[in-house]
Amino acid sequence: MTPKPFMVSFALAALTLSTTFCLQPDQQKVLLVSFDGFRWDYLYKVPTPHFHHVLKYGAHVKQVTNVFITKTYPNHYSLVTGLFAENHGIVANDMFDPILNKSFSLDHMNIYDSEFWEEATPIWITNQRAGHTSGAAMWPGTDVKIHDSFPTYYLPYNQSVSFEDRVAKIIEWFTSKDPINFGLLYWEEPDDTGHSVGPDSPLMGPVISDIDHKLGYLIKMLKKAKLWNNVNLIITSDHGMTQCSKERVIELDQYVDKDHYTLIDQSPVAAILPKEGKFDEVYEALAEAHPNLTVYKKEEIPEKWHYKYNDRIQPIVAVADEGWYILQNKSDDFLLGNHGYDNALAEMHPIFLAHGPAFRKNVTKEAMNSTDLYPLLCHLLNITAMPHNGSFRNVQDLLNSATPKAIPYTQSTTPLLSSEKPGECEQEESYPYFIGISLGSIIVIVFSVVFIKHLIHSQVPALQYMQVEIAQPLLQA
Ligand SMILES: [Zn+2]
């Protein structure tokens with residue numbers, strides 16, 4: 001082998017390596033969609049041909065364990081930060097922060113105070129800091145200024161904006177002169193109907209069918225814009241829903257004087273702030289009050305919920321059993337469907353489907369955590385993750401092995417406590433990374449061996465000649 005073919009071989013080997021490592025995942029576009037309150041098994045309640053199309057040509061996870069409490073704002077923020085509620089600070093839809101002396105309330109849309117959101121950095125900001133652009137259509141928190149930033153493009157929250165108009169904006173941003181690589185799309189159903197009629201009602205059927213049509217519309221518009229084959233579409237939700245009944249109501253007024261505490265958040269996880277000097281009285285009145293109510297002092301909240309180490313978690317937390325409803329007084333608003341219960345309950349779990357160039361086709365995985373989505377998104381967007389509670393390894397098998405490797409990201413393997421600010425992370429390498437390293441190294445070694453063998457071989461006649469010369473004197477002797 002002459003040096004020229006060797007150089008060609010070496011160049012090929014180098015090319016293999018560079019293809020493995022340097023395929024810019026900038027080419028990867030991601031659209032993250034949340035249908036609020038879409039329980040994992042709604043897929044099978046009525047025919048959902050568009051969801052099943054995505055399922056057939058994409059990846060599906062059956063059971064996604066979301067974060068406690070299984071409410072809208074805590075879970076939407078976990079999806080985009082990879083953090084448990086105690087770490088990202090949006091611990092409920094209704095909160096009181098005793099340090100800031102401020103309240104946060106979804107019911108009153110009093111959610112725009114940046115300080116509530118800044119215990120974490122959502123992925124759209126990290127994406128933009130990496131030089132990319134993001135676009136958000138109504139995803140919770142995307143119209144709040146967080147760390148002095150909004151998404152590059154966003155719609156101020158307005159429930160009356162139709163799904164079609166939200167999709168139109170997403171398509172516009174993906175196809176603009178300076179296209180986004182990351183889009184977030186949110187729709188309020190089937191949560192609204194689930195609350196009002198309950199998930200077991202036959203009235204849920206038409207709502208799920210309608211969402212299937214909406215997904216069909218989204219697919220049609222992505223195809224029309226020639227985005228369907230190059231956008232990674234992830235369809236998920238924040239939580240499921242369970243059936244409630246007026247027969248299963250726990251009325252706090254029956255057990256404790258309402259003047260002795262403030263009820264910050266109601267059901268199914270009552271956040272109770274006792275008035276000064278009334279802690280013991282309130283706790284003792286409630287501790288054994290009802291067989292379907294478990295009452296915790298803040299420091300006794302089970303570790304498994306990762307719901308303790310934050311000032312916004314109140315001194316007493318009372319958790320109802322599945323399907324039970326906490327009301328201060330029976331005259332208060334009651335909903336036939338609710339969520340917020342223990343995140344181990346299957347009925348609280350959301351849907352998870354993914355389709356696109358990065359994802360395997362027709363693959364079903366049993367389980368993941370909703371916090372695992374964040375490192376997956378960071379991988380696809382080629383951005384370095386902030387410290388988080390998820391695991392990329394948990395979800396890596398959803399991806400094509402050919403998916404380019406992103407810059408190594410950080411991952412926290414132990415729960416981050418509020419007192420222990422994110423920063424203690426370990427690096428986690430991906431399988432494609434090791435395959436790439438191994439493959440590239442093997443190619444380089446093989447060509448080196450071939451070249452050295454050839455070099456030795458080409459020197460053999462000269463050596464043989466030398467041996468003859470050396471041997472001659474001995475013969476002569
Ligand atoms: Zn929700």
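Residues numbered from 1 in each chain as written. Predicted model: local features only at pLDDT ≥ 70, side-chain atom pairs only at ≥ 80, totals over all residues. Heavy atoms only, no water.

Per an unreviewed UniProt entry, the chain goes by the name Ectonucleotide pyrophosphatase/phosphodiesterase 5 and belongs to Nannospalax galili. Annotation of the chain in UniProt includes, under Cofactor (unreviewed entry), the sentence "Zn(2+)". Check the Sequence similarities (unreviewed entry) section of the UniProt entry for the chain; it says "Belongs to the nucleotide pyrophosphatase/phosphodiesterase family." (UniProt positions renumbered as here; feature names shortened; annotations may be inferred.)

**Student:** What is the right way to look at the overall build of the chain in this model?
**Tutor:** If you tally the helices and strands in the chain, you get twelve helices and 20 strands. For the chain, the residues scored as buried account for 53% of the 477 residues in total. Entry remark: accessible area of the chain is about 20,800 Å², with carbon and sulfur atoms responsible for 57%. (Helix = DSSP H or I, 4+ residues; strand = E, 2+ residues; numbered from the N terminus. Buried < 20%, exposed > 50% of the residue type's maximum accessible area, 1.4 Å probe, protein only. Areas by Shrake-Rupley, 256 points an atom, 1.4 Å probe, with all protein chains shown as cover.)

**Student:** So what exactly am I meant to see when it comes to the sheet that holds strand β2 (residues 59-65) here?
**Tutor:** Note: strands within a sheet are paired through backbone hydrogen bonds, in either parallel or antiparallel orientation. A sheet is described by the order of its strands in space; here eight strands give the open sequence β6-β5-β7-β1-β8-β17-β2-β18, paired in mixed fashion. In this open sheet, the two edge strands, each paired with only one partner strand, are β6 (153-155) and β18 (363-369). On average, adjacent strands in this sheet sit at an angle of 15 degrees to one another, irrespective of strand direction. Where helix α11 (residues 373-381) meets the sheet, its contacts fall on β1 (29-35), β7 (182-187), β8 (231-236), β17 (352-355) and β18, and the angle it forms with β1 comes to roughly 150 degrees. (Pairing = 2+ DSSP bridges. Axes fitted to C-alpha atoms, helices over the stretch in contact; angles between N-to-C directions. Contact = heavy atoms within 4.5 Å.)

**Student:** Whenever I open this one, the coordination of the zinc ion confuses me. Can you help?
**Tutor:** In an ideal octahedron of six donors the angles at the metal are 90 or 180 degrees, and in an ideal tetrahedron of four donors they are 109.5 degrees. Around the zinc ion, the protein contributes the donor atoms Asp36 (OD), Asp36 (OD), Thr72 (OG1), Asp238 (OD) and His239 (NE2), which lie 2.0 to 2.8 Å from the metal centre. Each donor residue of the zinc ion belongs to the same chain, and together they define the spacing D-x35-T-x165-D-H. You can see Thr72 sitting in helix α3 (residues 72-81) and its partner Asp238 sitting in the loop between β8 and β9 (242-243), a full 166 residues away along the chain. No difference in accessibility class separates Thr72 from Asp238, as the two residues are buried. (Donors = N, O, S within 2.8 Å, 3.2 Å for Na, K, Ca; no water.)

**Student:** Could you clarify how one ought to interpret the pattern of salt bridges in this entry?
**Tutor:** If the charged atoms of two oppositely charged side chains come close together, the side chains can form a pair. Tallying each qualifying case throughout the model produces 14 salt bridges. The shortest N-O distance in the salt bridge between Arg312 and Glu119 comes to 3.3 Å. Taken together, the residues span a long stretch of sequence, with Arg312 in the loop between β13 (293-297) and β14 (316-320) and Glu119 in the loop between α5 (114-117) and α6 (123-129) at a distance of 193 residues. Here Arg312 falls in the buried class, since its relative accessible area comes to 4%. When its relative accessible area of 31% is taken as the criterion, Glu119 is described as partly exposed. Asp210 is the salt-bridge partner of Lys214, the closest N and O atoms lying 2.8 Å from each other. (Salt bridge = Lys/Arg side-chain N within 4 Å of Asp/Glu carboxyl O.)

**Student:** Help me out: how do you make sense of helix α2 (residues 49-56) in this one?
**Tutor:** It helps to recall that an α-helix has 3.6 residues per turn; residues three or four apart then point in one direction. Every buried residue of α2 is listed here: Phe51, Val54 and Leu55. Along α2, the residues classed as buried sweep out an arc of 105 degrees about the axis, all on the same side. Residues of α2 that are buried in the fold lie against β1, β2, α9 (204-224), β8 and β17. (Arc of directions from axis to C-beta.)

**Student:** Sorry, what's going on with the packing of α3 against α11 here?
**Tutor:** Angle between the axes and distance between the axes are the two parameters that describe a pair of packed helices. Two elements in contact, α3 and α11, have axes whose closest approach is 6 Å; the angle formed by their N-to-C orientations is 40 degrees. Between α3 and α11, the angle falls in the class oblique. Between α3 and α11, the contacting residues are Leu79, Val80 and Thr81 on the first element and Leu373, Tyr374 and Leu377 on the second. Taken together, the residues that form the contact of α3 with α11 break down as five nonpolar, one polar and no charged. (Parallel < 35°, antiparallel > 145°, perpendicular 65-115°, else oblique. Nonpolar A, V, L, I, M, F, W, Y, C, P; charged D, E, K, R; others polar.)

**Student:** Can you walk me through the packing of helix α7 (residues 163-174) against α9 in this structure?
**Tutor:** Between α7 and α9, whose axes approach to 10 Å, the crossing angle comes to 25 degrees. Relative to α9, α7 is oriented roughly parallel. With respect to the hand of their crossing, α7 and α9 are arranged in right-handed fashion. Contacts from Phe163, Glu164, Val167 and Ile171 in α7 reach Lys214, Tyr217, Leu218, Met221 and Leu222 in α9. A breakdown of the residues in the contact of α7 with α9 according to their chemical character gives seven nonpolar, no polar and two charged. (Left-handed = near helix turned anticlockwise from the far one by under 90°.)

**Student:** Got a minute to help me understand the side chain of Lys308 in this structure?
**Tutor:** Looking at where Lys308 falls in the secondary structure, it is placed in the loop between β13 and β14. Assessed through its relative accessible area of 11%, Lys308 is described here as buried. Among the polar contacts made by the side chain of Lys308, one reaches the main-chain carbonyl oxygen of Ile301 at a distance of 3.1 Å. Polar side-chain contacts of Lys308 include one of 2.9 Å to the side chain of Glu303. If we ignore the near neighbours within four places in the chain, the residues touching Lys308 are Glu86, Lys298, Glu299, Ile301, Glu303 and Ile313. (Polar contact = N/O pair within 3.5 Å; in protein donor to acceptor, adjacent residues only side chain to side chain.)

**Student:** Sorry if this is basic, but what is going on with α11 here?
**Tutor:** Burial runs high along α11: nine of the nine residues are buried. Backbone geometry just after α11 places Asn382 at a positive phi near 60 degrees.

**Student:** Please clarify how the pairing of strand β12 (residues 269-274) should be interpreted in this entry.
**Tutor:** For a regular strand, side chains alternate in direction, first toward one face of the sheet and then toward the other. Counted residue by residue, β12 has five buried out of six residues, so it is predominantly covered. Bridge analysis of strand β11 (residues 261-265) against β12 gives four bridges, and the strand direction is antiparallel. Residue pairing in the sheet places Thr262 in a bridge with Leu273 of β12. Linkage of β11 to β12, two consecutive antiparallel strands, is achieved through a turn of three residues. Strand direction decides the pairing type here: β12 and β14, joined by four bridges, are antiparallel. Bridge pairing links Ile272 to Ile316 in β14.

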